[in-house]
Amino acid sequence: SQQGEEDPQALSIQEGENATMNCSYKTSINNLQWYRQNSGRGLVHLILIRSNEREKHSGRLRVTLDTSKKSSSLLITASRAADTASYFCATVGYSGGYNKLIFGAGTRLAVHP
Amino acid sequence: DGGITQSPKYLFRKEGQNVTLSCEQNLNHDAMYWYRQDPGQGLRLIYYSQIVNDFQKGDIAEGYSVSREKKESFPLTVTSAQKNPTAFYLCASSRSAGGGMNTEAFFGQGTRLTVV
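Just so we're clear, the structure is a prediction, and the values are computed from it rather than from any experiment. (Residues numbered from 1 in each chain as written. Chains lettered and ligands numbered in written order. Predicted model: local features only at pLDDT ≥ 70, side-chain atom pairs only at ≥ 80, totals over all residues. Heavy atoms only, no water.)

K.L.:
With reference to specific residues and values, describe the packing of aromatic side chains.
P.N.:
Two measures describe an aromatic ring pair: the distance that separates the ring centres and the angle between the ring planes. Under the criterion given, the structure shown has eight aromatic pairs over all chains. Measuring from centroid to centroid gives 5.9 Å for Y35 of chain A and F107 of chain B, while their planes differ by 80°, and the two rings are edge-to-face. Residue Y35 of chain A is located in strand β4 (residues 31–37), and its partner F107 of chain B is located in strand β10 (residues 106–107); the two belong to separate chains. Residues Y35 of chain B and F107 of chain B carry aromatic rings whose centres are separated by 6.0 Å and whose planes lie at 35° to one another, so their mutual orientation is tilted. (Phe/Tyr/Trp six-rings, centres within 6.5 Å; stacked < 30°, edge-to-face > 60°. Helix = DSSP H or I, 4+ residues; strand = E, 2+ residues; numbered from the N terminus.)

Put into structure tokens, the structure is as follows:
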């Protein structure tokens, strides 16, 4: 079963607005990562937050992590039409003697000019 | 040019046929992964490998097989036992699977497999 679940499934906003996506996960993690996928393409890594970190910034991206609630959020500020894509959270968890990278179902973001 | 390459981009399979999807990386990464993505869905883990000559089943391994004979290569075979193989397949690699910054994954551009 998938480790992370995103919310909302789809988000539609106007250019210049902020977009917030949430991710919940089930088990303990080493770190949590966010990725972006343009339609029909591979995923691109955006940002990684470690389990002992609470907040991280990268350009217009802000990620928070609450390990007590097993949740994370990705905020994209001042969105642009080029931000239109699907966004996925992924967790690295330890299971059966191995670490593996598990993805959630994703949030489809549409930014309208 | 360092990166991860999947081929072919499009693949058509007849019923009852086995097909092999190629994944090659020149990033010197230890860990490699195969994911399946259905339309509008997330990524589901098929198989993963943390080191050469070792691999583990993911959440949906039935009907698939892999090998990891070389560090740079992790081919995926979709066998006739996979009843619904039409999907987008993504290969990824990371420096390691051991946690921390080294788990950032780099993805190929995917192979779209269609059963005809």
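K.L.:
Requested: an account of the confidence of the model for chain A, with residues and values cited.
P.N.:
Of all residues in chain A, 94% have pLDDT values of 70 or greater, and the mean over the chain is 91. Of all secondary-structure elements in chain A, the lowest mean pLDDT belongs to strand β1 (residues 4–7) of chain A, at 78, while strand β7 (residues 61–66) of chain A reaches the highest, 98. (pLDDT = per-residue confidence, 0-100.)

K.L.:
Now, about the interface of chain A and chain B: what can you tell me, with residues and values included?
P.N.:
Interface size is commonly expressed as the accessible surface area that is lost when the partners come together. Between chain A and chain B, the residue contacts involve 26 residues of the former and 28 residues of the latter. Between chain A and chain B the total buried area reaches about 2200 Å² when both faces are included, carbon and sulfur atoms providing 51% of it. Summed over the shared surface of chain A and chain B, the number is one salt bridge. Between D59 of chain B and K100 of chain A there is a salt bridge; the shortest N-O distance is 3.9 Å. Put simply, chain A and chain B have four residue pairs in polar contact (both at pLDDT 80 or more) between them. Only β4, β5 (43–50), β9 (85–95) and β10 (98–103) of chain A provide two or more residues apiece to the side of chain A that touches chain B. In terms of residue count, the dominant contributor to the side of chain A that touches chain B is β10 of chain A (six residues). (Contact = heavy atoms within 4.5 Å. Buried area = accessible area lost by both parts, 1.4 Å probe. Salt bridge = Lys/Arg side-chain N within 4 Å of Asp/Glu carboxyl O. Polar contact = N/O pair within 3.5 Å; in protein donor to acceptor, adjacent residues only side chain to side chain.)

K.L.:
I'd like a description of the sheet that holds strand β1 (residues 4–7) of chain B, backed by residues and values.
P.N.:
Backbone hydrogen bonds hold the strands of a sheet together, and the pairing may be parallel or antiparallel. All names here are of chain B. The strand order β1-β3-β8-β7 describes an open sheet built from four strands, whose pairing is antiparallel. Whereas interior strands pair on both sides, the edge strands pair on one side only; in this sheet they are β1 and β7 (64–66). Averaged over all pairs of adjacent strands, the angle between strand axes in this sheet comes to 20°, irrespective of strand direction. Inspection of the sheet shows strand β3 (residues 19–25) paired to strand β8 (residues 76–78) by three bridges, in the antiparallel sense. (Pairing = 2+ DSSP bridges. Axes fitted to C-alpha atoms, helices over the stretch in contact; angles between N-to-C directions.)

K.L.:
Give me the nonpolar core: which residues, what numbers.
P.N.:
Grouped together as the largest cluster of nonpolar side chains are 20 residues, with contacts concentrated most on M21, L32, W34, L74, I76, Y87 and L109 of chain A. Considering every element that reaches this core, the biggest residue donor is strand β3 (residues 19–25) of chain A, with four residues. (Core = buried A, V, L, I, M, F, W, Y, C linked by side-chain atoms within 4.5 Å. Buried < 20%, exposed > 50% of the residue type's maximum accessible area, 1.4 Å probe, protein only.)

K.L.:
Mind laying out unusual backbone geometry, listing which residues take part and the relevant values?
P.N.:
Residue P8 of chain A is reached from D7 of chain A by a cis peptide bond, and omega for that bond is 0°. In this structure, P8 of chain B follows S7 of chain B across a cis peptide bond, with omega equal to -10°. Positive phi outside glycine occurs at N28 of chain B, with the angle close to 60°. Examined against the element boundaries, N28 of chain B turns out to sit in the loop between β3 and β4 (31–37). A positive phi angle, close to 65°, is found at N53 of chain B, a residue other than glycine. Of note, N53 of chain B is situated in the loop between β5 (43–51) and β6 (54–57).

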